[in-house]
Amino acid sequence: MSDTAVSVSDTEGFRGIFQKGKNLVQFFEVMSNQEKPIVADTLIISDTHLGSEVCRARELLKILTSCRFNRLVLNGDIFDDLNFERLNRLHWDVVSYIRHLSNPERGIEVVWVRGNHDHALINVMPNLLGIDAFSEYEWEYNGEKYFALHGDQFDNFLYGHKFISFIATIFYDLVQKIDSRDMRFSRFIKRRSKKWLRLSKNVANGAMHYAKLRKAQYVFCGHTHQAMKKEMDGVKYYNSGCWTDIPSHFITVGEDGVKIHVCDRVETEKITFAKI
């Protein structure tokens, strides 16, 4: 299947693009039915960055089709930017399947929480994916309150140094274009930049403080691209990592508690799962 870029200005429009992804989605659904699926009340993913060269869309689609859940929380930065021409065929397959899940007949609640990369899509998302957009989202499960927000709200560098952040984004996009096929250098740069800013600690502490004010027992963020869990003052914090690095991560909330799952795969190997 070709991974060439697709423009939303095609005469076929979104419907034609979604239809073209149907065969791959059906293939993954058939394969997932042959395996023991992960079953949960809520599945949380973030920072997929559809449209970027480092997005692991094939692996992401495998997870979405193999898990069974009642609620899907897309916790920000689902798209890398507003340029939909950057989306290749696999990226559109992911979009198509999310829209498929949002069909009311399936009985699955699909929630999109905006991130710093895709906040400008708030007016587009209802038409593109058939779902509403939120700046933050809360729900209850088994008598406890859960709270999701992207986490960029606690990134002081991002909003305090907008020009530097803008230049860094341009540089990172350029590196992706000239990087090797496995995108190893691009992923290294992203990891180092996040660690240099001590972003994980800042976002975790800010999120837990905010969740306590909202009287939530659990809070979920993305943004840092680093999966982790932490607890402070009775609030449990979880970060769902990203889908631009290897390994990638996602979170489930269910009868067996909150778990961070690892999707560790190179391009030619089978996906394996672990929990941390």
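As shown above, the structure is provided for reference.
Bear in mind the structure is a predicted one, so any value in this text is a computation, not a measurement.

## Section: the nonpolar core
- In this structure, Leu64, Leu72, Leu74 and Phe79 are the most contacted members of the largest nonpolar core, which totals 35 residues.
- At the level of secondary structure, the elements contributing two or more residues to this core comprise strand E1 (39-45), helix H3 (57-66), strand E2 (68-75), helix H4 (89-101), strand E3 (109-113) and helix H5 (125-129).
- A per-element tally of this core places H4 first, with seven residues.
- Excluding its chain neighbours within four sequence positions, the residues that come into contact with Leu64 are Leu43, Ile45, Phe69, Leu72, Val94, Tyr97 and Ile98.
- Formed by 16 residues, the second largest nonpolar core is a distinct cluster that contains Val111, Tyr137, Trp139 and Ile251.

## Comments concerning the state of the cysteines
- Across all of its chains, the model carries zero disulfides by this definition.
- Cysteine Cys263 is unpaired, with the sulfur of Cys67 as its nearest cysteine sulfur at 9.8 Å.

## Notes on the pairing of E2
- Counting buried positions over the eight residues of E2 gives six, a clear majority of the element.
- Sheet analysis places E1 next to E2, joined by six bridges and oriented parallel. For Val39, the partnering residue across the bridge sits in E2 and is Arg68.
- Between the parallel pair E1 and E2, the chain is carried across by H3, and the sense of this crossover is right-handed.
- Taken together, the five bridges between E2 and E3 define a ladder with parallel strand orientation. By the bridge assignment for E3, Arg71 is matched with Glu109.

## Comments concerning unusual backbone geometry
- Across the junction of Ile246 and Pro247, the peptide omega takes the value 5 degrees, indicating a cis bond.
- One can find Pro247 in the loop between strand E9 (235-239) and strand E10 (248-254).
- Located in the positive-phi region is Asp47, a residue other than glycine, with phi close to 55 degrees.
- Structurally, Asp47 can be placed in the loop between E1 and H3.
- For Asp47, a relative accessible area of 0% puts it in the buried group.

## Quick word on the packing of aromatic side chains
- On inspection of all chains with the given rule, the structure shows 13 aromatic pairs.
- Summarising the aromatic geometry, the rings of Phe79 and Phe84 are spaced 5.4 Å apart at their centres and angled 75 degrees between planes, so their arrangement reads as edge-to-face.
- Residue class for Phe79 comes out buried when judged on its relative accessible area of 1%.
- A relative accessible area of 9% means that Phe84 is categorised as buried.
- Consider the rings of Trp243 and Phe250, whose centres lie 6.5 Å apart with planes at 25 degrees: the pair is stacked. Here Trp243 matches Phe250 in class, with each residue buried.
- One aromatic cluster is present, formed by Phe134, Tyr137, Trp139, Tyr141, Tyr146, Tyr218, Phe220 and Tyr238 through successive ring pairs.

So, how was this worked out
- Residues numbered from 1 in each chain as written.
- Predicted model: local features only at pLDDT ≥ 70, side-chain atom pairs only at ≥ 80, totals over all residues.
- Heavy atoms only, no water.
- Core = buried A, V, L, I, M, F, W, Y, C linked by side-chain atoms within 4.5 Å.
- Buried < 20%, exposed > 50% of the residue type's maximum accessible area, 1.4 Å probe, protein only.
- Helix = DSSP H or I, 4+ residues; strand = E, 2+ residues; numbered from the N terminus.
- Contact = heavy atoms within 4.5 Å.
- Disulfide = S-S within 2.5 Å.
- Pairing = 2+ DSSP bridges.
- Right-handed = clockwise from strand over helix to strand, strands pointing away.
- Phe/Tyr/Trp six-rings, centres within 6.5 Å; stacked < 30°, edge-to-face > 60°.

Read these as geometric descriptors, not functional statements.
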